[in-house]
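Report on the structure
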Amino acid sequence: MISIRIPLQLKQKGLSRYEKQKFSVDAVIRLIISTERFSCPADPQFGFVFNNLRFEMFNENEGVVYDSGETNSMSNLQNIYDKKISGSSKSINTFAAELKGMIEEYEKRLENIAVSMTYIREERQIYITVKANFVDTKEEYVYNQNIKVWN
């Protein structure tokens, strides 16, 4: 399977493509993680809700994001302030579970998806790990990304 590069790049022979499926899947997951929910007019549900909280207060001890009081724009995001930053997609009350749901919906080339997010206070970093299998080959897939938190 040859996959189109994201972001799209025009070449003389058409759209630029990845030769390996992993690079394409990596690009889609990176795009999901970096896109704020409701920012894409073609599909408002596309993106990772964690980006909607970038200006909110963060409780490092509890590992949650506080409601700043100005949440009119967040009304479509149910229970967003109850979710834990650190955790795995096995727990429904985590951002990892939210990310897993987005990956399941938008990346059909993966199955058996598991997501973990770990916040390291001393480093002020969130480590994201996605583990899955490619649907067509059953080969193991792993994706890692770090997010620097509130400088």
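Located above this text is the structure these notes cover.
Along each chain, residue indices are assigned from 1 in the same order as the chain's sequence is written. Restriction of local features to residues with pLDDT of at least 70 applies here, the model being predicted, together with a cutoff of 80 or more for giving and counting side-chain atom pairs; totals for whole chains, interfaces and linings are based on all residues. The basis for every side-chain value is the complete set of heavy atoms in the structure, and neither hydrogens nor water enter the calculation.

1. Here's the deal with the packing of aromatic side chains
Only Phe, Tyr and Trp rings take part, Trp by its six-membered ring, and two of them pair if their centres are within 6.5 Å. Stacked means planes under 30 degrees apart, edge-to-face means over 60, and tilted covers everything else. Within this structure, the stated rule accounts for 2 aromatic pairs. Ring centres of Phe46 and Tyr106 lie 4.9 Å apart, and the angle between their planes is 85°; this geometry places the pair in the edge-to-face category. Remark: Tyr106 occurs in helix H2 (residues 95–106) and Phe46 occurs in the loop between helix H1 (21–34) and strand S5 (57–59); sequence separation between them is 60 residues. The rule is simple: take the accessible area with a 1.4 Å probe, protein chains only, and divide by the maximum for that residue type; under 20% is buried, over 50% is exposed, in between is partly exposed. With a relative accessible area of 13%, Phe46 lands in the buried category. Segments assigned H or I by DSSP are reported as helices when at least four residues long, segments assigned E as strands when at least two residues long, and all are numbered from the N terminus.

2. Regarding the pairing of strand S9 (residues 125–134)
By the criterion of burial, S9 is predominantly enclosed, with 7 of the 10 residues buried. Judged from the 9 bridges that link them, strand S8 (residues 110–120) and S9 form a sheet pairing that is antiparallel. Each residue of the ladder has a partner; that of Ile120, found in S9, is Gln125. The pairing criterion for strands is at least two bridges between them, as found by DSSP. Turn length for the S8-S9 hairpin, with the two strands adjacent in sequence and antiparallel, is 4 residues, and the turn residue Arg124 shows positive phi of about 55°. Of the pairings in the sheet, the one linking S9 to strand S10 (residues 140–148) comprises 9 bridges and is antiparallel in character. Across the sheet, Tyr127 pairs through a bridge with Asn146, a residue of S10.

3. Brief notes about the pattern of salt bridges
When a carboxyl oxygen of Asp or Glu lies within 4 Å of a side-chain nitrogen of Lys or Arg, that pair is called a salt bridge. Applying the stated criterion across every chain yields a total of 5 salt bridges. The partner of Lys100 in a salt bridge is Glu104, with the nearest N and O atoms 3.7 Å apart. With a gap of 4 residues between them, Lys100 and Glu104 both fall in helix H2, about one helical turn apart. Across the pair Arg109 and Glu107 runs a salt bridge, and its minimum N-O distance is 2.7 Å. We classify Arg109 as buried; its relative accessible area is 15%. Residue Glu107 is classed as buried on the basis of its relative accessible area, which comes to 3%.

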